[in-house]
Amino acid sequence: MEHYANQPNGVFPSVCSLDCPDQCGLLVHKKDGKIVKIEGDPDHPVTQGAICNKVRNMTARIYDPKRLSYPLKRIGAKGEGKFERISWEEAIETIAARWKELIRTEGPESILPYSFYGNMGRLSAESMDRRFFHRLGASRLDQTICTSAGTKGYEYTMGGSFGTDPEDTVHAKLIIMWGINAVSTNMHQVALAEKARKNGAQVVVIDVHKNQTGRWADWFIPIMPGTDSALALGMMHVLFAENMVDEHFLQQYTVGHEELREHVKQYDPASVSAITGVPVEDVVRLARMYGQISPSFIRIGNGLQHHDNGGMCIRTIACLPALTGQWLKKGGGAIKGNGGYLLFNKQALQRPDLLANKQTRVINMNQLGRALLELDPPVRSLFVYNSNPAVVAPEANKVRRGLARDDLFTVVHDMFLTETAVYADLVLPATSSFENTDFYTSYWHHFIHLQRPVIPPYGESKSNMEVFRLLAKAMGFDDQAFQDTDEELIRQALHNHRNPYLEGIDYETLVEKQYVKANVKPLFPGRLPTPSGKIELYSEKMEREGYPPLPTYAPLADDGDYPYLFIPAPNHNFLNSTFSHNDKHVQLEKMPRLHMNAADAARAGIENGDNVRIWNERGECELVASVGENVLPGVVVSQGLWADMPGTKRLVNALTPDRLADMGGGATFFSGRVNVAKA
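Since this is a predicted model, take the numbers as computed values, not measurements.

Which residues make up the pairing of strand E2 (residues 25-31), and what are the values?
For E2, the buried fraction is high: six of the seven residues fall into the buried class. Bridging between strand E1 (residues 10-15) and E2 involves six bridges; their strand directions are antiparallel. Looking at E2, one finds that Ser-14 is bridged to Leu-26. Relative to strand E3 (residues 34-40), E2 runs antiparallel, the two sharing six bridges. Counterpart to Val-28 in the pairing with E3 is Ile-38. The hairpin formed by E2 and E3 contains two residues between the paired strands, and Asp-32 there has a positive phi angle of roughly 55°.

As structure tokens, this is what we get:
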């Protein structure tokens, strides 16, 4: 497995590890044992050699002089950032001793792991770590910060994360990018849409901000945040009223279409316009386009679900393709995510059977601040990896107060001394994905990838798998589960008889081919994994679980009397807080801005380029005003999670609520309100 890492010169296959739907095939160029260039693999069927700026400049991150190369022990106050070098032996012995004592005095649930998908490698994110914390009996983390609300909503309608094959979307004649800044976050869907456009397709973008994707569209529709379900219901009203639905498809492949037909009568264009800010004539025009142009394809974005009503919003939009029978048309339908096709054997990889107490408490990652400050019995130790909660978690000031607790023993495993790591008692250096053996499954396209080490570990850095094997040994866990090699872990994960889509895909195939496409067939004709086997426009399951059984618009929760809805959206050159510490990527992104409507700015005496203060009861930050018509009145949008810098206040998640969304325990980053004034 090490043969790439041991070869000093050449070009080697790889895969992008970022939490991004595109999951690009890469070619890594090495000279004298170091990576000198990263480019896209032109032979990859979906990504076809095109890569984003983030990855093109990845070498600046891998060889950043600020990268950690040995373990550190805190010698100053928490948050001060003063550390001294220690050995791995001392680090592991210290952790094991503290945890054994905590387990003896307060029980294993006093320990909490905190992680997400800073590295999308399935071994790095959910293998030996899960085995270890199950066996330890630690509090369990509900990993809900990203897609859980929308995934649950889509599942109610479609039975799971199953959508259109993105490769087929070149055949679409109408493409709706709904709440996704695809130019920055799903660039290959944009490339496919461009091919469709050359064949006459129209591209419509619906969003709260006229970002790069909005400017690229044939028609941009600005909408008030959190009202997307109302717009979808207004479209349904027009589709039914003007007989633009596919009655045969509704009869054969859906349940509840008659109830839906009645239900959407209340969502007339005038009512929907009043809710959404979309003019009546545009509601009607959009519905008619959708009803008359085929195949039509909807790319459902991530941001929509980060609202109080986020799950229902995605559930509602997911109903639209059924009304016009798009699932039977090549390139028609929708994609929220396609992870359902690549479901590997999670039980074998994560080993939940190692958890002795099945009633072990579960802590929602969106409420880390509450967990650290209010939970009883308290969290006494935190182990953070693949994440940077001091920047990415909501209510960031609350999170940082929790991290500053002197009685909290915190360990961070990362490539850099992040904002979270400066609060740690011990910091462990992590490998990059190019130094690991791993496998990757996209949540957009249908390919599964193998990653073999391209370079040796940087300094003394270790992978997540190595660290948890060492910790298991130090804790006296001698189960076979902690002896498994990375190759054995991949074999176990791919051994999944319950997923026909992965049939014939094994470790040997991946070694030979580097990436393999799942055996995906069209959803229809066929049976969905919903209770009825059909698209559930009316969901009895939702009714039983306390939700409205039909798609419904619910207003956002009350977030105080502040005048502006605040959307902290992604930017082009970072991915969450990844790259925000690297000088090259910061130069590309320039500065953190707050986009504001010209009418709002004029009333507040704010001009383009002014420094502005944004605040609510949760916190405040200062950004540079970008004034114009890119957002509707009453809405302000920032882009990117920026690293802490002395003399700056740009921690946008200081302003975001830690309320949970309507479904799946999801985050409500985009449902906060703020005030804005000239700084």
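Now, about the sheet that holds strand E18 (residues 438-441): what can you tell me, with residues and values included?
An order of E18-E19-E20 is seen for the three strands of this open sheet, with the pairing classed as antiparallel. Of all the strands in the sheet, the pair left with one neighbour each is E18 and strand E20 (515-517). The sheet shows a mean angle of 15° between the axes of neighbouring strands, taken without regard to direction. Of the pairings in the sheet, the one linking strand E19 (residues 447-451) to E20 comprises three bridges and is antiparallel in character. Bridge pairing links His-449 to Tyr-515 in E20. Each of E18 and E19 is contacted by helix H23 (residues 486-494), which is oriented at about 30° to E18, the strand it contacts most.

Lay out the side chain of Glu-536 with the relevant residues and their values.
With respect to the helices and strands, Glu-536 occurs in strand E21 (residues 535-536). Here Glu-536 is buried and forms no salt bridge, its nearest opposite-charge partner Arg-315 lying at an N-O distance of 6.7 Å. If sequence neighbours within four positions are ignored, Glu-536 has contacts with Tyr-156, Thr-157, Val-255, Arg-315, Thr-530 and Pro-531.

So what's going on with the pattern of salt bridges? Which residues, and what values?
On inspection of all chains with the given rule, the structure shows 43 salt bridges. In this structure, Glu-155 engages Lys-152 in a salt bridge whose closest nitrogen and oxygen atoms are separated by 4.0 Å. Taken together, the positions of Glu-155 and Lys-152, both in helix H7 (residues 148-158) and three residues apart, correspond to about one turn of that helix. Lys-517 is the partner of Asp-165 in a salt bridge, and the nearest nitrogen-oxygen pair spans 2.8 Å. In this pair, Asp-165 sits in the loop between H7 and strand E8 (174-178) while Lys-517 sits in strand E20, placing the two residues 352 residues apart along the sequence.

Describe helix H9 (residues 187-198), and please don't skip the residues or the numbers.
Here H9 spans 17 Å end to end across twelve residues, near enough to the 16 Å set by a 1.5 Å rise per residue. Contacts from the buried residues of H9 go to E8, helix H8 (182-185), helix H10 (212-216), strand E12 (296-300) and strand E13 (333-335). At the C-terminal side of H9, Gly-200 shows a positive phi close to 100°.

I'd like to hear about the environment of Met-177, residue by residue, with values.
Mapping Met-177 onto the fold places it in strand E8. Judged by relative accessible area, which is 0%, Met-177 ranks as buried. Taking the C-alpha atoms as reference points, Met-177 and Gln-189, twelve residues apart in sequence, are found 9.6 Å from one another. Apart from residues lying up to four places away in sequence, Met-177 is in contact with Ala-182, Gln-189, Ala-193, Val-203, Val-204, Val-205, Ile-206, Trp-216 and Arg-299.

Any chance you could break down the packing of helix H11 (residues 228-241) against helix H16 (residues 310-317) for me, citing the residues and the numbers?
Two quantities define a packed helix pair, namely the angle between the axes and the distance from one axis to the other. At a closest axis distance of 8 Å, the pairing of H11 and H16 adopts a crossing angle of 25°. For the element pair H11 / H16, the angle class is roughly parallel. Considering the relative orientation of H11 and H16, their crossing is left-handed. Taking contact as the criterion, the partners of Asp-228, Ser-229, Ala-232, Leu-233 and Met-236 in H11 are, on H16, Cys-313, Thr-316 and Ile-317.

For the packing of aromatic side chains, give the residues involved together with the corresponding values.
The final tally for this structure, using the stated rule, is 23 aromatic pairs. Ring geometry for Phe-162 against Tyr-501: centres 6.3 Å apart, planes inclined by 50°, an arrangement best described as tilted. Of this pair, Phe-162 sits in the loop between H7 and E8 while Tyr-501 sits in the loop between H23 and helix H24 (507-513), and the two are 339 residues apart along the sequence. Pairing Phe-249 with Phe-524 gives two aromatic rings, centres 5.6 Å apart and planes at 80°, and the pair type is edge-to-face. On the criterion of sequence distance, the pair formed by Phe-249 in helix H12 (residues 247-253) and Phe-524 in the loop between E20 and E21 is long-range, its members being 275 residues apart. The burial state of Phe-249 is the same as that of Phe-524; both residues are buried. Members of the aromatic cluster, connected to one another through ring pairs, are Trp-99, Phe-132, Phe-133, Phe-383, Tyr-385, Phe-468, Phe-477 and Phe-482. Over the ring of Tyr-63 we find Lys-34, and its NZ or CZ is 4.5 Å from the ring centre. Cation over ring: Arg-285 sits above Trp-219, and NZ or CZ is 3.7 Å from the ring centre.

Talk me through unusual backbone geometry; I want residue IDs and the actual numbers.
Negative phi is the rule for most residues except glycine; trans is the rule for most peptide bonds. In this structure, Pro-295 follows Ser-294 across a cis peptide bond, with omega equal to -5°. Secondary-structure assignment places Pro-295 in the loop between helix H15 (280-292) and E12. Phi angles above zero are rare outside glycine, and Gln-48 is one such case at about 50°. With respect to the helices and strands, the residue Gln-48 is situated in the loop between E3 and helix H2 (53-56). Of note in the backbone geometry, Glu-395 takes a positive phi value of approximately 50° without being a glycine. As for its position among the elements, Glu-395 is in the loop between helix H20 (389-392) and helix H21 (396-403).

Would you mind going over the packing of helix H4 (residues 88-105) against helix H22 (residues 464-474) in detail, with residue names and values included?
Contact pair H4 / H22: the axes reach a minimum separation of 9 Å and the direction vectors enclose 55°. Classed by the angle they form, the pair H4 and H22 counts as oblique. Note on packing geometry: the crossing formed by H4 with H22 is right-handed. When H4 is examined against H22, the residues Trp-88, Ile-92, Ile-95, Ala-96, Trp-99 and Lys-100 are found in contact with a partner set consisting of Val-467, Leu-470, Leu-471 and Ala-474. Class assignment for the residues of the contact of H4 with H22 results in nine nonpolar, no polar and one charged.

Give me the lowdown on the sheet that holds E13, citing residues and values where you can.
Strand order across the open sheet formed by five strands is E10-E9-E8-E12-E13, with parallel pairing between neighbours. The sheet is open, and its two borders are formed by strand E10 (219-222) and E13, each paired with just one other strand. Each strand of the sheet is rotated relative to its neighbour by a mean of 15°, with strand direction disregarded. Relative to E10, strand E9 (residues 202-207) runs parallel, the two being bridged by four bridges. Across the sheet, the residue bridging to Val-205 is Phe-220, located in E10. Across the sheet, H9 touches E8, E9, E12 and E13, and the angle it forms with E8 is around 155°.

Residue-level account of the side chain of Lys-30, with values.
With respect to the element layout, Lys-30 can be found in strand E2. Among the polar contacts made by the side chain of Lys-30, one reaches the main-chain carbonyl oxygen of Gln-7 at a distance of 2.6 Å. Among the polar contacts made by the side chain of Lys-30, one reaches the main-chain carbonyl oxygen of Val-454 at a distance of 2.7 Å.

About the criteria used
- Residues numbered from 1 in each chain as written.
- Predicted model: local features only at pLDDT ≥ 70, side-chain atom pairs only at ≥ 80, totals over all residues.
- Heavy atoms only, no water.
- Buried < 20%, exposed > 50% of the residue type's maximum accessible area, 1.4 Å probe, protein only.
- Helix = DSSP H or I, 4+ residues; strand = E, 2+ residues; numbered from the N terminus.
- Pairing = 2+ DSSP bridges.
- Axes fitted to C-alpha atoms, helices over the stretch in contact; angles between N-to-C directions.
- Contact = heavy atoms within 4.5 Å.
- Lys, Arg positive; Asp, Glu negative; His and termini not counted.
- Salt bridge = Lys/Arg side-chain N within 4 Å of Asp/Glu carboxyl O.
- Expected span 1.5 Å × (residues − 1).
- Parallel < 35°, antiparallel > 145°, perpendicular 65-115°, else oblique.
- Left-handed = near helix turned anticlockwise from the far one by under 90°.
- Phe/Tyr/Trp six-rings, centres within 6.5 Å; stacked < 30°, edge-to-face > 60°.
- Lys NZ or Arg CZ within 6 Å of the ring centre and 35° of its normal.
- Nonpolar A, V, L, I, M, F, W, Y, C, P; charged D, E, K, R; others polar.
- Polar contact = N/O pair within 3.5 Å; in protein donor to acceptor, adjacent residues only side chain to side chain.

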